[in-house]
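Next come the chains, spelled out residue by residue.
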Amino acid sequence: EYMGTSLEPSHAKRLMGEHWAYDFISGVVGGVAGIVVGQPLDTVKVRMQSAAPGIYHGVVHCFKQTVRTEGYGALFKGMLSPVVGCAPVNATLFVTYGGMCRHFLEEDGDRELELSEVVLAGNVAGFSCAIVTAPADLLKIQLQNQTATKGSKAYLGNIAMAREIVRAAGPAALFRGLVPTFCRETPSYGLYFGAYEYVRRLLLPPLQPVDDGLIEYDPEAVEVYSKMRVSFATLVAGGLGGTMAWFSTYPFDVIKTKMQGELISNSQHRKYPTMRATARYILRTEGWAGFSRGLSACITRGFPVNATTFYAYETTLKICERIDDLFDE
């Protein structure tokens, strides 16, 4: 082993695990970690996307306005919904992704997955998890947009908000914004996993034997450097992959937020009834710039959130495999 990378498996092989349960557990841990890190800026992004033009003058202004009028706790409004929804969302995402990777490697399990296969596996996984993501996002956005402070009579918690949505517009209302969610998740997760794999391969290339393996290195120094190098590659690749994925389909996220942020009680007179109507309204009232509202908050949030998600995922996956090895001994 040289610098600890000769035995480091590819991202695709690690992320599919040896069992679907590892994919599930690691996905939940990684997802929750990312949500906690990114929730404040996600609240800012959602409010900037949902508000009428001119209400907020930028990320900093929205952040200050929210804290000044509602306190720091407002930045974490709606966090319980994605945390609770994290289990089914990540179960669907990573288990589907892992299943697709295993399918591609059925005939030759020792080969490296092609990047095109990684992207396709991500596309299928993204499409699958959109069905679970849509209602979780709807509830989160409705909670983030309410200005009532926690403890007041007007404030609605997660369960109360869900009941109010179903009461006002029926169970189908929970899936409002499903079409733009499909349009956002399907291509973005292909790029998400594909970019992560590509960047990680660049940072951790296969190393050739040096002098026929006769050169010796201090085992402890090699181990420390190896862990630092792998951790650095994971964080950078995860951050870049997630940021690129968000940027690629951001207009669909704006449309989805508009549709899901509209008051459910206005079901009979909706301003954003369909994805097409919403896109036309944004273009007519705000121009092309309207499709990038809140993008700066999203990009600022994207790198640390996705770096944290992938690092927590891979760390948990390795722990699961080590525990499994202990039981096998």
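Source: prediction; values computed, not measured.

### Overview of the overall build of the protein
Move 1: Along its length, the protein carries eleven helices and zero strands.
Move 2: Written out in order from the N terminus, the α and β elements of the protein read α-α-α-α-α-α-α-α-α-α-α.
Move 3: Counting only residues that meet the buried cut, the protein has 46% of its 329 residues in that class.
Move 4: Look at the contacts in the protein between residues 6 or more apart in sequence, and 82% of them connect residues 24 or more apart.
Move 5: Carbon and sulfur atoms make up 63% of the accessible area of the protein, which amounts to about 16,300 Å² in all.

### Regarding the nonpolar core
Move 1: Ranked by size, the top nonpolar core spans 24 residues in total, and within it L93, Y97, L113, A121, Y189, Y192 and F193 carry the most contacts.
Move 2: Counting only elements with at least two residues in this core, the list comes to α4 (80-104), α5 (115-145), α7 (178-203), α8 (219-248) and α11 (295-328).
Move 3: Listed in part, the ten residues of the second largest apolar core include V254, M259, Y272 and L295.

### Describing helix α9 (residues 250-261)
Move 1: Across its twelve residues, α9 extends 16 Å between first and last C-alpha, which sits within 8% of the 16 Å expected from 1.5 Å per residue.
Move 2: For α9, the set of buried residues is Y250, D253, V254, I255, K256, T257, K258, M259 and Q260.

### Overview of the environment of V305
Move 1: Residue position: V305 is located in helix α11.
Move 2: For the pair V305 and G30, spaced 275 residues apart in sequence, the C-alpha to C-alpha distance is 9.6 Å.
Move 3: Other than its neighbours up to four places away in sequence, V305 contacts G34, V37 and G38.

### Topic: a negative patch on the surface
Move 1: A surface patch of negative charge is lined by E106, E107, D108 and D110.
Move 2: Here E106 shows up in the loop between α4 and α5.

### Considerations on the environment of C101
Move 1: Turning to its location among the elements, C101 is positioned in helix α4.
Move 2: On a C-alpha basis, the gap between C101 and V118 in space is 7.3 Å, while along the polypeptide they are 17 residues apart.

### Quick look at the confidence of the model for the protein
Move 1: Mean pLDDT for the protein: 83, with 86% of residues reaching 70 or above.
Move 2: Confidence, expressed as mean pLDDT per element, reaches its minimum in the protein at helix α1 (residues 11-15) with 53 and its maximum at helix α10 (residues 275-286) with 95.
Move 3: A low-confidence stretch, residues 1-9 stays under pLDDT 50, and its non-local contacts, those more than four residues away or across chains, total 23 contacts.

### Comments concerning α4
Move 1: End to end, α4 covers 36 Å across 25 residues, agreeing with the expected 36 Å (1.5 Å per residue, within 8%).
Move 2: The sharpest bend along α4 comes to roughly 45 degrees, located at C86, with the proline P88 sitting one to four residues further on.

### A closer look at the packing of α7 against α9
Move 1: At a minimum axis distance of 9 Å, the contact between α7 and α9 shows a crossing angle of 155 degrees. Classified by the interaxial angle, the pair formed by α7 and α9 is roughly antiparallel. Pair α7 / α9 crosses with left-handed handedness. Judged by residue contacts, P180, T181, C183 and R184 of α7 engage F252, D253, I255, K256, M259 and Q260 from α9.
Move 2: Class assignment for the residues of the contact of α7 with α9 results in five nonpolar, two polar and three charged.

### A closer look at the packing of aromatic side chains
Move 1: Following the criterion strictly, the structure yields twelve aromatic pairs and no others.
Move 2: Consider the rings of Y192 and F310, whose centres lie 5.0 Å apart with planes at 45 degrees: the pair is tilted. In this pair, Y192 is assigned in helix α7 and F310 in helix α11, connecting sequence segments 118 residues apart.
Move 3: What makes Y192 buried here is its relative accessible area of 6%.
Move 4: On the accessibility criterion, F310 (1% relative accessible area) is buried.
Move 5: Seen from their ring centres, W288 and F291 are 5.9 Å apart, and the 40 degrees between their planes marks the pair as tilted.
Move 6: Judged by relative accessible area, which is 68%, W288 ranks as exposed.
Move 7: Among the aromatic residues, those joined into a ring-pair cluster are F94, Y97, Y189, Y192, F193, Y196, F310 and Y313.

### Points about the pattern of salt bridges
Move 1: Here the structure, examined in full by the defined rule, presents 17 salt bridges.
Move 2: Among the ionic pairs, E112 bridges to R201, the shortest N-O distance being 3.6 Å. Placement of E112 in the loop between α4 and α5 and of R201 in helix α7 is noted, with a sequence separation of 89 residues between them.
Move 3: Judged by its relative accessible area of 26%, R201 is partly exposed.
Move 4: Each of D42, K45, D137, K140, R184, E185, D253, K256 and R301 takes part in salt bridges that share partners, so that together they form one network.

Rules used throughout
Residues numbered from 1 in each chain as written. Predicted model: local features only at pLDDT ≥ 70, side-chain atom pairs only at ≥ 80, totals over all residues. Heavy atoms only, no water. Helix = DSSP H or I, 4+ residues; strand = E, 2+ residues; numbered from the N terminus. Buried < 20%, exposed > 50% of the residue type's maximum accessible area, 1.4 Å probe, protein only. Contact = heavy atoms within 4.5 Å. Areas by Shrake-Rupley, 256 points an atom, 1.4 Å probe, with all protein chains shown as cover. Core = buried A, V, L, I, M, F, W, Y, C linked by side-chain atoms within 4.5 Å. Expected span 1.5 Å × (residues − 1). Patch = residues over 30% accessible without salt bridge, like charges linked within 9 Å, V, L, I, M, F, W, Y side chains within 5 Å. Salt bridge = Lys/Arg side-chain N within 4 Å of Asp/Glu carboxyl O. Lys, Arg positive; Asp, Glu negative; His and termini not counted. Charge placed at Lys NZ, Arg CZ, Asp CG, Glu CD. pLDDT = per-residue confidence, 0-100. Bend = angle between axes of the 7 residues up to and from the residue. Axes fitted to C-alpha atoms, helices over the stretch in contact; angles between N-to-C directions. Parallel < 35°, antiparallel > 145°, perpendicular 65-115°, else oblique. Left-handed = near helix turned anticlockwise from the far one by under 90°. Nonpolar A, V, L, I, M, F, W, Y, C, P; charged D, E, K, R; others polar. Phe/Tyr/Trp six-rings, centres within 6.5 Å; stacked < 30°, edge-to-face > 60°.

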